[in-house]
Amino acid sequence: MKNYYRILGLKSSASEDDIKRSYRTLAKRYHPDVNPGNEEAARKFADINEAHTILSDKQQRAEYDARLLAAQKPTARPQHAAQNTAWQMQMQSQIHAQVQAQVQSQLASVSDVAYKSGYRDGLDAAEKALRADSERYKQKAADFEHDRSDLEQELFDRDRELAQANERIADLESRLNWFRKAGGGVRPGELLNEQIGVMRSRTDELLDELAQLETVQVSLQNNPSTLHETGKQLKERLNELQRTLDALTDGVAALDAETKRRQQLMENEKLLASVETRAAAWSKKEQYDRRLAKPTLYGTLGVLIWATDEEIKNEYLRLSARLSEKTDEDSLARLNKMQAAYAILSDPEKRNDYDRSIGYSAARIEKERRLVAENAKVQDEYRSKLAVKEFWVRFDELSTLALANDADAQNALGEIYFSGKHVTRDCAQAVYWFREAFDQKHPAAMYNLGLCYLNGDGVGRNRSIALALMRQAENLGYHPPAPSQAES
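Note that the coordinates shown come from a computational prediction; the quantities given were computed from them, not determined experimentally.

A. Here's a closer look at the packing of helix 13 (residues 407-419) against helix 14 (residues 427-438). At their nearest, the axes of helix 13 and helix 14 sit 8 Å apart, and the two run at 165° to each other. By the criterion of interaxial angle, the relationship of helix 13 to helix 14 is roughly antiparallel. Both helix 13 and helix 14 take part in a crossing whose hand is left-handed. Of helix 14, the residues touching helix 13 (which contributes A407, Q410, N411, L413, G414, E415, Y417 and F418) are C427, Q429, A430, W433, F434, E436 and A437. Residue classes in the contact of helix 13 with helix 14 are distributed as nine nonpolar, four polar and two charged.

See the structure below:
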């Protein structure tokens, strides 16, 4: 007969609570899910369930206690010493088993409590260690990102220095090649200066001769006996020398202007080469800056991290106005995201806190803004110089074509001299080229020449000739530009 009390590790006087507590503890320990494939545990689990079913029911327990007590009483047989001894040994064995079962039950209870307590303590310790590791890894990631940003900035500075060095080398090589091509190993500037020196020397000689002739003229005036014919010849010579002097003076002025123009072109070439190299480096920097801004609130508004408050405001208003016209979910979500970003970046205090949170100090942002302003200034100067360079390239080309009797080039050259843009305004030169093109029946040149006669620019004012030229240009299909275009 099974001893259910021994199976549950209890005394026969155990209470209902003791039975329930012992059953729960042993059922958890020997449950098949905890001991898969263990037949001994499955057998014990079945005995535990059976014992609990009997002992938890009062009537069944009473009947079981009666059967157990009857089984433990000695039979009505003669009492022999050997039987008494066997019965005593059996009783001792049962008592020993009960005591051992109680001890095992208590040990199991203590072990279960210790296991649960240790599990919770271990879990708390593991979570604490996990949080500490997570914070440490986050800090390492932030340090790595900061170091990477500093390294990329340093690499950009090194690239810029290298580009500047290459730019200086290229500039020196281009200048050296230009000097070599000038011919004879003499620099073009030196050739021009030499020509100017010769012409100035000749001018000085003519001035001396002119002074001598003036002296002779005065002498002739003071001496009535001097022949009239001699005075007339001297006067003609004096006028001729004066005309030669005027021509030489104009030539010197032209050479001076050409020298200055060539020097200016060389300076422009140098600046353009420098700025083009700088522009290439700046383009790389802008790409890098856009990558930095993309995952931030600045990227949400489509601006760089060092954008000014005005730039942020203008871009937000522009984008929000465009998205407000749309009703799809993506546009509305993006608009909400932009509004949240602008709420932070438009507040100076919040923006400073946000900048620090992404690793950018106020000094770094101010430095980048100075670089942006400096680059914008250089780019403006570059565009101005580039326009001048392109003008002179076109001017030289037009001059060559005009000398080759190209009517379009002659008219265009006349318009340049007439407007005085990038050159000294010279209406007489303009009229000359208009007439050259007019000889080839160029309609625009006819009309421009008519304007010169109408206003008296570079030629005597003559309204009749002016109107005749304009009508002839219109008959050839020419239509003058609008006043604003003509002025420009």
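Having seen the model, we can carry on.
B. Geometry of the confidence of the model for the protein. Averaged over all residues, the pLDDT of the protein is 76; the fraction at 70 or higher stands at 63%. Per-residue pLDDT, averaged within each element of the protein, yields its smallest value for helix 17 (residues 483-487) (47) and its largest for helix 15 (residues 443-455) (93). This stretch, residues 76-81, has a pLDDT under 50; its non-local contacts, to residues over four places away or in other chains, come to two contacts. When the criterion is pLDDT under 50, residues 484-488 qualifies, and its contacts beyond four places in sequence or with other chains add up to one contact.

C. How the structure looks around the packing of aromatic side chains. Under the counting rule described, the total for this entry stands at nine aromatic pairs. With a centroid separation of 5.0 Å and 75° between ring planes, the pair formed by Y432 and W433 is classed as edge-to-face. For Y432, a relative accessible area of 42% puts it in the partly exposed group. According to the relative accessible area criterion, W433 is buried, its value standing at 10%.

D. Spatial organisation of unusual backbone geometry. Of note, the phi angle at K441 is positive, near 60°, even though the residue is not glycine. Mapped onto the elements of the fold, K441 is located in the loop between helix 14 and helix 15. Of the residues examined, K441 reaches a relative accessible area of 60% and is grouped as exposed.

E. Spotlight on the pattern of salt bridges. Counted according to the given criterion, the structure contains 10 salt bridges. A salt bridge links D18 to R21, with the nearest nitrogen and oxygen atoms 2.7 Å apart. Taken together, the residues span about one helical turn, with D18 and R21 both in helix 2 (residues 16-30) at a distance of three residues. Take D18: its relative accessible area is 28%, and that puts it in the partly exposed class. Between R356 and D353 there is a salt bridge, with its nearest N and O atoms 2.3 Å apart. Residue R356 and its partner D353 are located together in helix 11 (residues 348-357), separated by three residues, close to a single helical turn. Since its relative accessible area comes to 55%, R356 is described here as exposed. Through salt bridges that share partners, K2, E40, R43, D47 and E50 make up one connected network.

F. Representation of the nonpolar core within the structure. Of all hydrophobic cores here, the largest spans 22 residues; its most connected members are Y298, L301, I305, I312 and L345. Mapped by element, the contributors of at least two residues to this core are helix 7 (228-293), helix 8 (297-301), helix 9 (309-324) and helix 10 (329-345). In terms of residues, this core owes the most to one element, helix 10, which gives five residues. Those residues in contact with L345 that lie beyond four places of it in its chain are L297, Y298, L301, I312, R351 and Y354. If you look at the next biggest cluster of nonpolar residues, it comprises 21 residues, including L398, A409, L413 and A430.

G. Highlighting helix 9. With 16 residues, helix 9 should reach 22 Å at 1.5 Å per residue; the first-to-last C-alpha distance of 22 Å fits that figure. The set of residues buried in helix 9 consists of I312, E315, Y316, L319, S320 and L323. Summarising the axial view, the buried residues of helix 9 lie within an arc of 125°, below the 170-degree limit, and thus occupy one face. For helix 9, the elements touching its buried residues are helix 8, helix 10 and helix 11.

H. Layout of helix 10. Helix length check: helix 10, at 17 residues, gives a terminal C-alpha distance of 24 Å against a target of 24 Å (1.5 Å per residue), a fit within 8%. Those residues of helix 10 not exposed but buried are S331, L335, M338, A341, Y342 and L345. One side of helix 10 carries all its buried residues, which in axial view fall inside an arc of 130°. Facing away from the buried side of helix 10 by more than 90 degrees, the exposed set consists of E329 and K337. Each element contacted by the buried residues of helix 10 is listed here: helix 8, helix 9 and helix 11.

I. Fine view of the environment of G477. Relative to the helices and strands, G477 is located in the loop between helix 16 (463-475) and helix 17. You can call G477 partly exposed: its relative accessible area is 46%. Separated by 34 residues in sequence, G477 and P443 have C-alpha atoms that sit 7.6 Å apart.

J. Spotlight on the packing of helix 2 against helix 3 (residues 39-55). Following both chains from N to C, one finds helix 2 and helix 3 inclined at 160°, their axes separated by 9 Å at the closest point. One finds that helix 2 runs roughly antiparallel with respect to helix 3. Helix 2 and helix 3 meet at a crossing whose hand is left-handed. Here helix 2 contributes I19, Y23, L26, A27 and Y30 to the contact with helix 3, which in turn contributes A41, K44, F45, I48, N49, H52 and L55. Here the contact of helix 2 with helix 3 is built from residues that sort into nine nonpolar, two polar and one charged.

About the criteria used
- Residues numbered from 1 in each chain as written.
- Predicted model: local features only at pLDDT ≥ 70, side-chain atom pairs only at ≥ 80, totals over all residues.
- Heavy atoms only, no water.
- Axes fitted to C-alpha atoms, helices over the stretch in contact; angles between N-to-C directions.
- Helix = DSSP H or I, 4+ residues; strand = E, 2+ residues; numbered from the N terminus.
- Parallel < 35°, antiparallel > 145°, perpendicular 65-115°, else oblique.
- Left-handed = near helix turned anticlockwise from the far one by under 90°.
- Contact = heavy atoms within 4.5 Å.
- Nonpolar A, V, L, I, M, F, W, Y, C, P; charged D, E, K, R; others polar.
- pLDDT = per-residue confidence, 0-100.
- Phe/Tyr/Trp six-rings, centres within 6.5 Å; stacked < 30°, edge-to-face > 60°.
- Buried < 20%, exposed > 50% of the residue type's maximum accessible area, 1.4 Å probe, protein only.
- Salt bridge = Lys/Arg side-chain N within 4 Å of Asp/Glu carboxyl O.
- Core = buried A, V, L, I, M, F, W, Y, C linked by side-chain atoms within 4.5 Å.
- Expected span 1.5 Å × (residues − 1).
- Arc of directions from axis to C-beta.

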